[in-house]
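Listed below, chain by chain, are the residues.
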2 protein chains.
Amino acid sequence: MFKVTFKFEHGQNVEGFALAGESLLDVAKKMNVAIDAPCNGNAACGKCRVKLIGGELDTKKTMHISDEEFAQGWRLACVSKISADVEVLVPDIASAYRSRMKVADLSSAEELQIFEKTKSDIIDAGIKFENDFKVINLTMEEPSLDDTMPDNERLMWAVEAACGVSKAKLSFAVLQKLAETLRKSAFDVKCIVTDGEADEVYVLDVLPGNEDAKVCGMAIDIGTTTVSAVLIDMLSGEILAKGSAGNGQIRYGADVINRIIEQQKEGGRKKLQNAIIKETLNPMIKEMCASIGILPQQIYRACIAGNTTMNHLLLGVDADPVRMEPFIPTFFETDSVQACDLGLNLYPHASVLISPNIGSYVGGDITAGTLASTIWNKEEMSLFIDLGTNGELVFGNSDFMMSCACSAGPAFEGGDISCGMRATDGAIEACVIDKDTMEPTFTIVGDEGQKPVGLCGSGIIDVISELYRCGIISPKGKFIREGDRVRHDQYGMGSFVLAYKEEAASVKDIEITEVDIDSFIRAKGAIFSAIRVMLQSLDFDVSMIDHVYVAGGIGSGINMRNAVSIGMFPDIEMDKFTYIGNSSLSGAYTILLSKEAEAKVSEVAHNMTYLELSNEPTYMDEFVASCFLPHTDAGLFPSVVLK
Amino acid sequence: MFKVTFKFEHGQNVEGFALAGESLLDVAKKMNVAIDAPCNGNAACGKCRVKLIGGELDTKKTMHISDEEFAQGWRLACVSKISADVEVLVPDIASAYRSRMKVADLSSAEELQIFEKTKSDIIDAGIKFENDFKVINLTMEEPSLDDTMPDNERLMWAVEAACGVSKAKLSFAVLQKLAETLRKSAFDVKCIVTDGEADEVYVLDVLPGNEDAKVCGMAIDIGTTTVSAVLIDMLSGEILAKGSAGNGQIRYGADVINRIIEQQKEGGRKKLQNAIIKETLNPMIKEMCASIGILPQQIYRACIAGNTTMNHLLLGVDADPVRMEPFIPTFFETDSVQACDLGLNLYPHASVLISPNIGSYVGGDITAGTLASTIWNKEEMSLFIDLGTNGELVFGNSDFMMSCACSAGPAFEGGDISCGMRATDGAIEACVIDKDTMEPTFTIVGDEGQKPVGLCGSGIIDVISELYRCGIISPKGKFIREGDRVRHDQYGMGSFVLAYKEEAASVKDIEITEVDIDSFIRAKGAIFSAIRVMLQSLDFDVSMIDHVYVAGGIGSGINMRNAVSIGMFPDIEMDKFTYIGNSSLSGAYTILLSKEAEAKVSEVAHNMTYLELSNEPTYMDEFVASCFLPHTDAGLFPSVVLK
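Computed from a predicted model, the values in this text were never measured in an experiment.

Asks: I keep staring at the interface of chain A and chain B and nothing clicks. Help me out?
Replies: How big an interface is tends to be expressed through the accessible area that disappears when the partners come together. Taken together, the contact between chain A and chain B spans 42 residues of the former and 42 residues of the latter. Here chain A packs against chain B, burying approximately 3,300 Å² in sum over the two surfaces, 58% of which is carbon and sulfur. Per-residue buried area on chain A facing chain B is highest for Phe172, Ile328 and Thr330 of chain A; these three make up 17% of the total on that side. Here chain A is connected to chain B by four salt bridges. Put simply, Glu197 of chain A and Lys169 of chain B hold a salt bridge, and the shortest N to O gap is 3.3 Å. Where chain A packs against chain B, one counts 16 residue pairs in polar contact (both at pLDDT 80 or more).

Asks: Explanation requested: the state of the cysteines in the structure shown.
Replies: Structurally, a disulfide amounts to a covalent bond that connects the sulfur atoms of two cysteines. All names here are of chain A. Under the definition given, this model contains zero disulfides over all chains. Free of any disulfide, Cys78 has its nearest neighbouring cysteine sulfur in Cys48, separated by 3.7 Å. A relative accessible area of 13% means that Cys78 is categorised as buried. The structure places no disulfide on Cys404, whose sulfur is separated from the nearest cysteine sulfur, that of Cys406, by 6.5 Å.

Asks: What exactly am I supposed to notice about the confidence of the model for chain A here?
Replies: As a note on interpretation, predicted positions should not be read in detail where pLDDT is low. All names here are of chain A. Here chain A averages 91 in pLDDT, and 95% of its residues register 70 or above. When mean pLDDT is taken per element in chain A, strand 14 (residues 299-306) scores highest with 98 and strand 6 (residues 101-104) scores lowest with 60. Counting contacts from residues 93-100, a segment whose pLDDT is below 50, to residues more than four positions away or on other chains yields 31 contacts. Model confidence for the complex is summarised by a pTM of 0.85, with the ipTM given as 0.85.

Asks: Which parts of the structure should I look at to understand the pattern of salt bridges?
Replies: Close approach of charged atoms allows side chains of opposite charge to pair. All names here are of chain B. If you walk through the whole model with that rule in mind, you get 51 salt bridges over all chains. Across the pair Arg469 and Glu466 runs a salt bridge, and its minimum N-O distance is 2.7 Å. Linking Arg469 with Glu466, this pair stays in helix 12 (residues 457-469), spanning three residues, or about one helical turn. A relative accessible area of 25% means that Arg469 is categorised as partly exposed.

Asks: For this particular structure, what's the right way to read the pairing of strand 5 (residues 81-90) of chain B?
Replies: Side chains on a regular strand alternate between the two faces of the sheet. Residue and element names in this part refer to chain B. Bridge analysis of strand 1 (residues 2-8) against strand 5 gives five bridges, and the strand direction is parallel. Looking at strand 5, one finds that Thr5 is bridged to Glu87. Bridging between strand 3 (residues 49-58) and strand 5 involves six bridges; their strand directions are antiparallel. Paired with Gly55 across the strands is Val86, a residue of strand 5.

Asks: Would you explain the packing of helix 11 (residues 364-373) of chain B against helix 16 (residues 595-607) of chain B in this entry?
Replies: Each pair of packed helices can be described by the angle between their axes along with the distance between the axes. All names here are of chain B. Close contact between helix 11 and helix 16 brings their axes to 9 Å; oriented N to C, the two are set at 115 degrees. It follows from the interaxial angle that helix 11 and helix 16 lie roughly perpendicular. Our pair here, helix 11 against helix 16, has a crossing hand that is right-handed. Residues Thr367, Ala368, Thr370 and Leu371 of helix 11 pack against Ala597, Lys600, Val601, Val604 and Ala605 of helix 16. Taken together, the residues that form the contact of helix 11 with helix 16 break down as six nonpolar, two polar and one charged.

Asks: Mind showing me how you'd approach the sheet that holds strand 5 of chain B here?
Replies: Residues and elements named next belong to chain B. The mixed open sheet is built from five strands, whose spatial order is 2-1-5-3-4. Two strands in the sheet have a free side with no partner beyond their single neighbour: strand 2 (14-18) and strand 4 (74-76). Pairs of neighbouring strands in the sheet enclose a mean axial angle of 40 degrees, with direction left out of account. Pairing geometry for strand 1 and strand 2, over five bridges, is antiparallel.

Asks: In this structure, what is going on with the relation of the copies chain A and chain B? I would like to understand it.
Replies: Copy one and copy two of the chain differ by a rotation about an axis and a translation along that axis. Structural alignment of chain A on chain B gives an RMSD of 0.1 Å, achieved by rotating through 180 degrees and translating 0.0 Å along the axis. Both copies of the chain, as the preceding transformation shows, are related through a two-fold rotation axis. Scanning chain A for the C-alpha nearest the rotation axis identifies Cys340 of chain A, at a separation of 4.6 Å. Residue by residue, 100% of the interface of chain A is reproduced at the interface of chain B, so both copies engage with the same surface.

Asks: How do you make sense of the sheet that holds strand 10 (residues 200-208) of chain B when you look at a structure like this?
Replies: For sheets, the rule is that strands pair by backbone hydrogen bonds, running either parallel or antiparallel. Residue and element names in this part refer to chain B. Here four strands make up an open sheet; going across it, the order is 7-9-10-8 and the pairing mixed. Bordering the open sheet on either side are strand 7 (134-139) and strand 8 (167-170), each of which pairs with just one other strand. If you compare each strand with its neighbour and ignore which way they point, the axes differ by 40 degrees on average. With four bridges joining them, strand 8 and strand 10 adopt parallel strand pairing. In the sheet register, Lys169 faces strand 10, and the bridge partner there is Tyr202. Where helix 4 (residues 151-163) meets the sheet, it contacts strand 7, strand 8, strand 9 (188-195) and strand 10, and its direction lies at approximately 130 degrees from that of strand 8. On top of the sheet, helix 5 (residues 172-184) reaches strand 8, strand 9 and strand 10; it is set at about 45 degrees to strand 10, its chief contact.

Asks: Before we go on, may I ask you to explain the pairing of strand 26 (residues 547-552) of chain A in this structure?
Replies: Residues and elements named next belong to chain A. Most of strand 26 is tucked away: six of the six residues are buried. Taking every second residue as pointing to the same face, both faces of strand 26 are buried, with His547, Tyr549 and Ala551 on one and Val548, Val550 and Gly552 on the other. Sheet topology note: the strand 17 (residues 382-387)/strand 26 ladder contains six bridges and is parallel. The residue bridging Leu387 from the neighbouring strand is Gly552, located in strand 26. Alignment of strand 26 against strand 27 (residues 577-581), held across four bridges, turns out to be parallel. Looking at strand 27, one finds that Tyr549 is bridged to Thr578.

Asks: How should helix 8 (residues 308-315) of chain A be read in this particular structure?
Replies: Along an α-helix, residues three or four apart share an orientation, since each turn contains 3.6 residues. Residue and element names in this part refer to chain A. Among the eight residues in helix 8, eight count as buried, and that is most of the element. Within helix 8, burial applies to Thr308, Thr309, Met310, Asn311, His312, Leu313, Leu314 and Leu315. Immediately downstream of helix 8, the backbone of Gly316 shows phi near 70 degrees, a positive value.

So, how was this worked out
Residues numbered from 1 in each chain as written. Chains lettered and ligands numbered in written order. Predicted model: local features only at pLDDT ≥ 70, side-chain atom pairs only at ≥ 80, totals over all residues. Heavy atoms only, no water. Contact = heavy atoms within 4.5 Å. Buried area = accessible area lost by both parts, 1.4 Å probe. Salt bridge = Lys/Arg side-chain N within 4 Å of Asp/Glu carboxyl O. Polar contact = N/O pair within 3.5 Å; in protein donor to acceptor, adjacent residues only side chain to side chain. Disulfide = S-S within 2.5 Å. Buried < 20%, exposed > 50% of the residue type's maximum accessible area, 1.4 Å probe, protein only. pLDDT = per-residue confidence, 0-100. Helix = DSSP H or I, 4+ residues; strand = E, 2+ residues; numbered from the N terminus. Pairing = 2+ DSSP bridges. Axes fitted to C-alpha atoms, helices over the stretch in contact; angles between N-to-C directions. Parallel < 35°, antiparallel > 145°, perpendicular 65-115°, else oblique. Left-handed = near helix turned anticlockwise from the far one by under 90°. Nonpolar A, V, L, I, M, F, W, Y, C, P; charged D, E, K, R; others polar. Least-squares fit on C-alpha atoms with pLDDT ≥ 70 in both.

If you want it as structure tokens, here you go:
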């Protein structure tokens, strides 16, 4: 047994013990130390860097660590084995802690605009923005020796009379607190009710008449990488708080496949479910509630939008058949699940709505996003693109909709990129490079004076587009121009230094390498070729696209012009592009607040067909042809002219 | 801080620490050492005896401890304060551990007869003995790339087709295990289903087709003192196991009032709920399941019969209004409660039926017992008497039923009696005394050769009846004849030694004292006066009683002749009396197994009126007149002639 100490640039040390021969990454997992490991410990991504600062590690040098770095103590956790007591530094950029949770105030009007826009679009599409929560005030006769009706019957009678229904049902929680609540308030109470079946109402909660009834709801987008949520007043529709966090499952792999493999192991389903519910959602819910002074028990309904695998892992349902031919999920839609079934820290009988999946690789995030885009209500032909760890597309209009999914990898969210990161504080989200001096200028997420930490998706698009425009890289993404910022390592691999470590909030230079550029080109190629193949299968051409809705965590700073320049999106008029942000979240918000939208998303899901790209004979060729800047067929990008 | 060690005649020591000045009884409660304390620590009952065997206690001598006993180290835990390290012996008779749990095999045909008899009576009364559990076998097409219906829809379609209903609903547990179960069994499964609402079925569980589907149910009687249960095969109706245990709430007081006071304290409701669910029911369920080789998760429905307070404490519902004027329970009936709401270790979605209460002092044990007695179906006038910690009566026939309750105290179950105990191993359940030699002869519960430990209710009836018949005690219960076995203490209090400690499995002589006799006379007086007053209120006379059904934990050895002799029951023909055992349990068994009985008990509850005895002007006089052997008005007991 050896002592292992994890140190952080910010935060407390974590100490524990491990056996000789255990991998440092596995030890970190066991000790709940989150080290980003997108490739799940296969020494492929080079992201699980730690710095040896004391003791020893039995380690190998890999291509991801330079000699200089190795001399400084940098190691990949996945290939380092315990051989003695050891102390390692987990650097900021590798630590999922830093980006783990963020609860935003709502001062940013921009944040709110997306929801306001979605709401008005949905209303314009003929959907009432109304839910079935009601608060009713009841004053009952107090019981006496001549009127000994038990409390529950007394309440049911009063509710039935007030709501004009034949039957009121009480939740178990109401039964448990009823005696106290009635007597504390002299039988003058407020009830929080919703519609039950047929001619019934369901009494979810009972409060003393003089207390404010705060009826909240929570819309949650569970992404493979990032989880986002908004806390909503169900009566006014007002957004009260917004939060986001890294998905705690990240330490079991960056993509859904690795997580499904992990959940297959003994106890794995519980472990993955705990990682999302207990380690990610519950702390985030607690923090969001605290930020506005309410209790999680005041959240009476939740709506969750996530991909099919995330939905299965959330419910503790075996996700293995999702990845194995013939790719059958346990469910597309579920009957209502309750918070207490999941251990989700909300009102125990809060129903948890789950935006429906339509297949193994097109899930509730896409049906929710499609709902929010309102393309199902338009005559014009729309293309909806969700840039997540998977890329999903929906194309169609009010007559038909087709969806498909492609594996873009985590590059759009900064994964698989040496200095990649999510679009949080310190992320370079936009970049311009001076063609003459090759000096870059950035826009950085965060407060003024924030130093760069890494590159988020929209920043990578800009950097690659600018490097290409300035002739620094070739159409294949290789460095072809010399300069101070251009370096080549011993293997000849080129890189471009965006910020020297002195200028950065990082322990090393922030650079983009040929490997990074290659990763990103393959990601954008997957998207573009998917668009091409889906349109071809329908006998459509990109010129027939009336509108493109771009969604996802790539960052609101996405420059559509640059995205077209690198051949990620089709070369059509710029005014046809709209960035709609996290449409999975705005869709969940819509379903939560509108009973009609809840029915509509189910209809949208039923009406959507699915195209399995891997069954399309042209896909592989199209993908290969798309792995250039902008494309091997330059004729597809007439507007892209190198200046 | 001092070290406190509890030792037991059987079982392991329990050690802990306590502050100077804490009462030993409180310390025992905190350390989960069950010491019987029927009066809840008021130095009134003298039951919480422990023997000081090491260290010191700051203690008072009370009237319950003789000088000799005090010299031997006997102390009452409730009046003993911690003042140093201490070791005490918790004797068998005082330890609730001993009688805490018993899982019977079903070799005793007598045990089963009561249930068989109840079943045939219920069927004779026109109630179908059928429930809605079904096991259906389903073989589905396996999914393929051309048939990608998700698992839950595939199962629902198959169930709907098999059952001919329009909708199948799946429990959350089914959703969680569906993928695995289908694939383990090549889509050949068994489903356990019940009727849902209207044209629906509810799928409770899914199992591989080649596994046996064991569908069990559990009927539970929750008595204030004792909990009993039977485990039943829901498909065949067979009784698979029987169990009983002391109610773990006993350490918070012997009667409902003390427990209600305890649950009013901070955290008290949870504490009382844990005592019955986690400490009593769950271990008993586990043991019963183990005895027949099934899992608690194979119990898919439970039916509970208990008094109104027990039902409230079980559900974690505030019981205080039950004891405070105007005596309003939270519920008479509840919508279905699920096992997972209560933390009851059964199938999580098992519904927990609760036999309905009809008032604060007539609960589900009485409605279940009345159901089992079938007096609601007879033209003849029947009197149903349940002898528990409270005595409850129901009088009537198919036209009307009236109920009332009287506080008999715990004497019928051996409480408040110096050598009293429940009707478990070692209990003297019957006794004859030779009039000349005054030598007693016993029938003792347990295997042959079992030495006496104490006296259960039926034994006390016999002893008092025999002492009176032999002229050893007066009609007031005072000792009036001298003999070897008759003793008087320094205060002049008489007692009769039933077994010297050498003959007994006890650390002291087994005797009955004048205080015991007085307690019991008041208990039997409460019952008899309740019968008189209820009949008077209806203008009936005891001669108009066609049949008396006696139920309760007093012991199956109850001698009706002796019970009449001491004036506990009215002096009518002996063949009118029937002991029906634990009718609360046999009623719960009936409700569990028969949907029609479930509806019937609700009807019985609605049709039963309640007489509040304390509002009857004659009750107090009747009670006082009944506190003699057999009664101050000997004319009421013409058949009782002293020989």
